[in-house]
Amino acid sequence: MPDNRPSDASGFAEYDTLLLEVSQMLEHARQSAGRALNAVMTATYWQVGRRIVEQEQQGLDRASYGEELVARLAKDLTTRFGRGFSRTNVFQMRQFFLAYREKIQTLSGLSRAESIIQTPSELFATPTFPLSWSHYVRLLTVPAEQSRRYYERESLRGGWSVRELDRQIASRAYERLRGKRTSSISKVDRRAADDEIRDPFVLEFLNLKDEYSESDLENALITELERFLLELGNDFTFVARQRRLGIGTEWYRVDLLLFHRRLRCLVIIDLKIGKFTHADAGQMNLYLNYAREHWTLPDENPPVGLILCSEQDSAVAHYALEGLRNTVLAREYQLTLPDERRLAKQIEKTRHRLLEP
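Everything numeric here is computed off the predicted structure, so don't read it as measured data.

Below, the discussion takes up the pattern of salt bridges. For the structure shown, the criterion picks out 10 salt bridges. Two residues, Glu67 and Arg87, come together in a salt bridge whose shortest N-O distance is 2.4 Å. Of this pair, Glu67 sits in helix 2 (residues 62–81) while Arg87 sits in helix 3 (residues 87–99); the two residues are 20 residues apart in sequence, bridging distant segments of the chain. Overall, the relative accessible area of 43% leaves Glu67 in the partly exposed class. The exposure class assigned to Arg87 is partly exposed, which follows from its relative accessible area of 40%. Arg157 is paired through a salt bridge with Glu154; the nearest N and O atoms lie 3.4 Å apart. One end of the pair is Arg157 and the other is Glu154, both in helix 6 (residues 145–158) and 3 residues apart, which spans about a single turn.

The 5 strands lie next to each other as 1-2-3-4-5, forming an open sheet whose pairing is mixed. Only two strands of the sheet have a single neighbouring strand rather than two, namely strand 1 (236–247) and strand 5 (315–320). The average undirected angle you get between the axes of adjacent strands in this sheet is 25°. The pairing of strand 2 (residues 250–260) with strand 3 (residues 265–273) spans 5 bridges and is antiparallel. Counterpart to Leu256 in the pairing with strand 3 is Ile269. Helix 12 (residues 278–294) rests against strand 1, strand 2, strand 3, strand 4 (304–310) and strand 5 of the sheet, and its axis sits at about 150° to strand 3.

Summarising the element assignment, Val137 is placed in helix 5 (residues 133–139). Linking Val137 and Val162, residues 25 residues apart in sequence, is a C-alpha distance of 9.6 Å.

Summed over all chains, the structure comprises 15 aromatic pairs. Their ring planes at 50° and their centres at 5.1 Å tell us that Tyr150 and Tyr174 sit as a pair that is tilted. You can see Tyr150 sitting in helix 6 and its partner Tyr174 sitting in helix 8 (residues 173–177), a full 24 residues away along the chain. In this pair, the class of Tyr150 matches that of Tyr174, namely buried. Centre to centre, the rings of Tyr252 and Tyr287 are 6.1 Å apart; their planes meet at 70°, and the pair counts as edge-to-face. Here Tyr252 is found in strand 2, whereas its partner Tyr287 is found in helix 12, with 35 residues between them in sequence. Residue classification places Tyr252 among the partly exposed residues on the basis of a relative accessible area of 23%. A relative accessible area of 2% places Tyr287 in the buried class. Put simply, the rings of Tyr45, Trp46, Phe96, Phe97, Tyr100, Phe129, Trp133 and Tyr136 touch in pairs and so form one group of aromatic residues. The ring centre of Trp295 lies 4.5 Å from the NZ or CZ of Arg243, which sits over that ring.

This part takes up unusual backbone geometry. The phi angle at Gln242 is positive, at roughly 50°, despite the residue not being glycine. Structurally, the position occupied by Gln242 is in strand 1. Positive phi, close to 55°, is recorded for Arg264, a residue that is not glycine. For Arg264, a relative accessible area of 35% corresponds to the partly exposed category.

Right, let's get into the nonpolar core. Side chains that are nonpolar tend, in soluble globular proteins, to be buried together. Membership of the largest hydrophobic core comes to 35 residues, with the highest contact counts inside it found for Val90, Phe96, Tyr100, Trp133, Tyr136, Leu139 and Tyr151. Among the elements of the structure, helix 1 (9–56), helix 2, helix 3, helix 5, helix 6, helix 7 (162–170), helix 8 and helix 10 (200–205) are those that each provide at least two residues to this core. In terms of residue count, helix 1 provides more of this core than any other element does, 6 residues in total. Look past the residues within four positions of Phe96 in its chain and what remains in contact with it is Thr42, Tyr45, Trp46, Phe129, Trp133, Tyr136 and Leu140.

Right, let's talk about the pairing of strand 4 for a bit. Taken across its 7 residues, strand 4 has 7 buried, putting it largely inside the fold. With burial as the criterion, each face of strand 4 is covered, one bearing Val304, Leu306, Leu308 and Ser310 and the other bearing Gly305, Ile307 and Cys309. Across 7 bridges, strand 3 lies against strand 4 in parallel orientation. Counted as the bridge partner of Val267 is Val304 from strand 4. Following the backbone out of strand 3, through helix 12 and into the adjacent parallel strand 4, one traces a crossover that is right-handed. With 6 bridges connecting them, strand 4 and strand 5 associate as antiparallel partners.

Analysis parameters
- Residues numbered from 1 in each chain as written.
- Predicted model: local features only at pLDDT ≥ 70, side-chain atom pairs only at ≥ 80, totals over all residues.
- Heavy atoms only, no water.
- Salt bridge = Lys/Arg side-chain N within 4 Å of Asp/Glu carboxyl O.
- Helix = DSSP H or I, 4+ residues; strand = E, 2+ residues; numbered from the N terminus.
- Buried < 20%, exposed > 50% of the residue type's maximum accessible area, 1.4 Å probe, protein only.
- Pairing = 2+ DSSP bridges.
- Axes fitted to C-alpha atoms, helices over the stretch in contact; angles between N-to-C directions.
- Contact = heavy atoms within 4.5 Å.
- Phe/Tyr/Trp six-rings, centres within 6.5 Å; stacked < 30°, edge-to-face > 60°.
- Lys NZ or Arg CZ within 6 Å of the ring centre and 35° of its normal.
- Core = buried A, V, L, I, M, F, W, Y, C linked by side-chain atoms within 4.5 Å.
- Right-handed = clockwise from strand over helix to strand, strands pointing away.

Printed below as a string of structure tokens:
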């Protein structure tokens, strides 16, 4: 195969410069695109919250009417636009407007009746929000306005990612620094372009598939294991892949969700690339508690979790049976579900096949 690279040293240097410049251009463009998308999305959600509040004010019994309005709007928006408009999310839009309602003063001095958004140009012109929607969702959990403003200001000054913002709020940084001369926390790494685009809220806003953010190896392993489990017999039925769930301001996903017909229960399968740890068990317990409350039907048994860990030299399969109501049910699960050693062997076999050159 011919080598089209430059033959002299100066040519290599020129190519390296070209590669660097183009890479910087693309990185800058991706970051700009992510920021622009977040700005449009956040402004839109503020306007949605505003319209909800305005509609609520027309209700005779505002408290009960507001709850009914949000629930109905969430249902209809989900039907029309898909994910991203659960009751919790729509309520956050309402809460967002109430927390930042001073932005209404920037709407070009129109009267209240006239300032209701009529055209896309009016919608996207104002107001503007410098942080991403994910930042504001986390900020809304801070009840005191002074504290919330501090974290917002420091997020802008330090270029905090949502994870860093969450860490600062959880560690009560504002309370610790209040009264001291230091008014700023040292800067941390800025949010990467990939994080901007792969933000769960952005994925929902653009109606993108969740698989966009999965690694190739993990995705391929899940595909193989899904096929293998469904081949074990007629007891397993497929429910979903990459099923997302939101708890508070955090977003999680379960790799594979099946239903076992004989046991009449959901089976949550989570794949980990690496060693099995206690944190994996704790996370699975979180999934099971959520599934028991939100996904399990009244006539079904409690869900079961299956953690599959793929390591370099070995594989581990572990069932999470904690929280079952009685030992008889736990014994039935252990007798009916596939053997853990057989599952671990299949993981190892699949992994080696996928990594073959």
